[in-house]
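Descriptive structure summary
Each chain, written out:
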Amino acid sequence: MTGTATVQASSTEALTGSPAGRRPGRRVWSYWRFYLALSPFYVLFAVFGLYPMVSTIVLAFQRWDGLSARRFTGLDNFRFLVADPTFWQALKNTVVLFLMSTVPTLAIALVLAVMLQSAVRFTNVYRIAYFIPNVTSLVAMAIFFSSVFSTNFGLVNAGLRALGIPQQDWLGQPWGIKIAISTMIVWQWVGYNTLIYLAGLQAIPREQYEAAKVDGAGAVRTFFSITLPQLRPVVLFTVIISTIGGLQTFTEPQVMVGNSGGTGQSGMTVVLFFYRAAFLDNDYGYAAAIALSIFLLVLLFTAINWRIFRGRGEDR
C-alpha cells in the first residue's frame, strides 16, 4: 500500500507540476527571486509607459492649461477635434506624406537588397554606407535638406537651372513641401530597410534559385515566384514598422517649415498639430485627444496592412 501511494503521489506531482498536498499559491511564491529580478522592468514600464497612457486617456476628457485645476469636460475635446479643419488638414497631410515616403522607401530598399545580395565585392562597405543615414542626427539632416531644397542656393534648383528648367520654390508651395519632406524620409530609411531585406534574402535557400534556373525561369520570374513569396514575413514587418513611423512624422516638417506647417499648412502633420496644441497653445486636454486620435490612426493602418499581407499569404 505504501508503494502504491508513493507511485500515485509521484504521478500527481508529474501531472500537476507540484508535490501532492502543496498549494499552487506556495509554488508561485517559491519563484519570488525571479519576479524580483524582473521587477525593474515592470516598475519602469509602470512609471514611463502605463501611467502616461492612463493619464493621457483621462486628460483627454478634461480641460487643463498646465497651471490651473483640471476641469472635466466630457467629450468636448473630441467634438472640437472632429469639427476642427486644421486637424483634418493635418490628417490628410500625414496620410499623403506616408504614401509618398513609405512606398518609394520599401520599393527602393528591396531593389537595393537584391542588388547587394548579388554583389561579390565590398558588401560590408555598402552595408555601412546604407545604414549611415539612419544613425545621423535627424535635426541635422532636416537642416541639410532645407538647404538642398532652398530656392536660391539649393542643389536641386542648381540642377534644374543646369538643365534649363525654371527653379522651384520647394519650401514655399504645398506640393514642394511634401516632396522635400518625403525625399528626406526616403533617404533616411532606405538603408535600414535594405539591410532588413538583405537579411531576409540570405535566409532563402539557394537550392530554390538553382531549381528555378534549371527550369528556365528568368530573373523577373524568379523574383516574383521565389523572392517575394519567401520575403512576405519580412515585407510585412517593414510595412508595419514604416506605417508606425510614417504616421508619426514630426521632426522633418517642424525643422524644415516650422510649427505652422508652411504654406497652406501643407507640412502640418498630426504629431506636429499635437505639439502645437500642447506646447504652444497650452491646451493639454485637447492635445491628449489628438494623441488618442494618432494612436487610433496608427492602429487602423497597421490592422489594414496586416490584413492585406496576411490575407494574401493565407490565400496562397
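One numbering rule holds for all chains: residues counted from 1, following each sequence as written. Local features in this predicted model are restricted to residues of pLDDT 70 or higher, and side-chain atom pairs are both shown and tallied only at a pLDDT of 80 or more, whereas totals for entire chains, interfaces and linings draw on every residue. Calculation of side-chain values draws on the structure's entire complement of heavy atoms; hydrogens and water are dropped beforehand.

**Remarks on the overall build of the protein chain**
When helices and strands are counted, the protein chain shows 15 helices and two strands. Each residue is placed in one exposure class: buried if its accessible area under a 1.4 Å probe, protein chains only, is under 20% of its type's maximum, exposed if it is over 50%, and partly exposed if it falls in between. The burial tally for the protein chain puts 35% of its 316 residues in the buried class. For the protein chain, the proportion of contacts with a sequence separation of at least 24, taken over those separated by at least 6, is 64%. Only DSSP runs of H or I reaching four residues or more are called helices, and only runs of E reaching two or more are called strands; each is numbered from the N terminus. Only heavy atoms enter the contact rule, under which two residues are in contact if any of them lie within 4.5 Å.

**Section: the nonpolar core**
Among the nonpolar cores identified, the biggest contains 20 residues, and Leu-81, Leu-247, Val-270, Phe-273, Tyr-286, Ile-290 and Ile-294 are the most heavily contacted of them. Secondary structure elements with two or more residues in this core: helix H5 (85-118), helix H14 (270-280) and helix H15 (284-315). For this core, the element with the highest residue contribution is H15, accounting for seven residues. With sequence-adjacent residues up to four places away left out, Leu-247 is seen in contact with Thr-94, Phe-98, Val-271, Leu-297, Val-298 and Phe-301. By convention a nonpolar core is built from buried Ala, Val, Leu, Ile, Met, Phe, Trp, Tyr and Cys residues, the set being connected through side-chain atoms within 4.5 Å.

**Focus: the packing of helix H9 (residues 174-202) against helix H12 (residues 232-246)**
Fitted lines through C-alpha atoms give the axes, limited to the stretch in contact for helices. The angle between two N-to-C directions lies from 0 to 180 degrees. For the pair H9 and H12, interaxial distance at closest approach is 10 Å and the crossing angle is 160°. Looking at the two axes, H9 sits roughly antiparallel to H12. Handedness of the crossing formed by H9 with H12: right-handed. Contacts from Tyr-192, Asn-193, Ile-196, Tyr-197 and Gly-200 of H9 reach H12 at Val-234, Val-235, Phe-237, Thr-238 and Ser-242. For this classification, the nonpolar set comprises Ala, Val, Leu, Ile, Met, Phe, Trp, Tyr, Cys and Pro, the charged set comprises Asp, Glu, Lys and Arg, and every other residue, Gly included, is treated as polar. Here the contact of H9 with H12 is composed, by residue class, of six nonpolar, four polar and no charged. Any angle that is under 35 degrees is reported as roughly parallel, and any over 145 degrees as roughly antiparallel; angles of 65 to 115 degrees are reported as roughly perpendicular and all others as oblique. When the near helix sits turned anticlockwise from the far one by under a right angle, the crossing is termed left-handed; a clockwise turn instead gives a right-handed crossing.

**A closer look at the pattern of salt bridges**
We count a salt bridge whenever a side-chain nitrogen from Lys or Arg sits within 4 Å of a carboxyl oxygen from Asp or Glu. Enumeration according to the criterion identifies two salt bridges in this entry. A salt bridge links Asp-283 to Arg-63, with the nearest nitrogen and oxygen atoms 3.6 Å apart. Residue Asp-283 is located in the loop between H14 and H15, and its partner Arg-63 is located in strand E1 (residues 62-63); the two are separated by 220 residues in the primary sequence. On the basis of relative accessibility, which here comes to 18%, the residue Asp-283 falls in the buried class. With a relative accessible area of 41%, Arg-63 lands in the partly exposed category. Linking Asp-76 and Arg-79 is a salt bridge whose minimum nitrogen-to-oxygen distance equals 2.8 Å. Here Asp-76 and its partner Arg-79 are both found in helix H4 (residues 76-83), three residues apart, which amounts to about one turn of the helix.

**Description of the confidence of the model for the protein chain**
In predicted models, pLDDT denotes the confidence assigned by the predictor to each residue on a 0 to 100 scale. With 89% of its residues at a pLDDT of at least 70, the protein chain reaches an overall mean of 85. Mean pLDDT across the elements of the protein chain ranges from a minimum in helix H1 (residues 2-16), with 48, to a maximum in H4, with 94. This model gives residues 5-17 a pLDDT under 50, and the stretch forms six contacts once residues within four places in sequence are excluded.

**Some points on a nonpolar patch on the surface**
Residues form patches when they are more than 30% accessible in relative terms and have no salt bridge. Like charges link within 9 Å. Nonpolar side chains (Val, Leu, Ile, Met, Phe, Trp, Tyr) link within 5 Å. Methods summary: accessible areas were calculated by the Shrake-Rupley approach with a probe of 1.4 Å, and residue burial reflects only the protein chains presented. A surface patch of nonpolar side chains, about 790 Å² in accessible area, is lined by Leu-38, Phe-41, Tyr-42, Phe-45, Leu-50, Met-53, Val-54 and Val-58. Checked against the element boundaries, Leu-50 lands in helix H3 (residues 32-59). Exposure remark for Leu-50: the relative accessible area of 40% places this residue in the partly exposed category.

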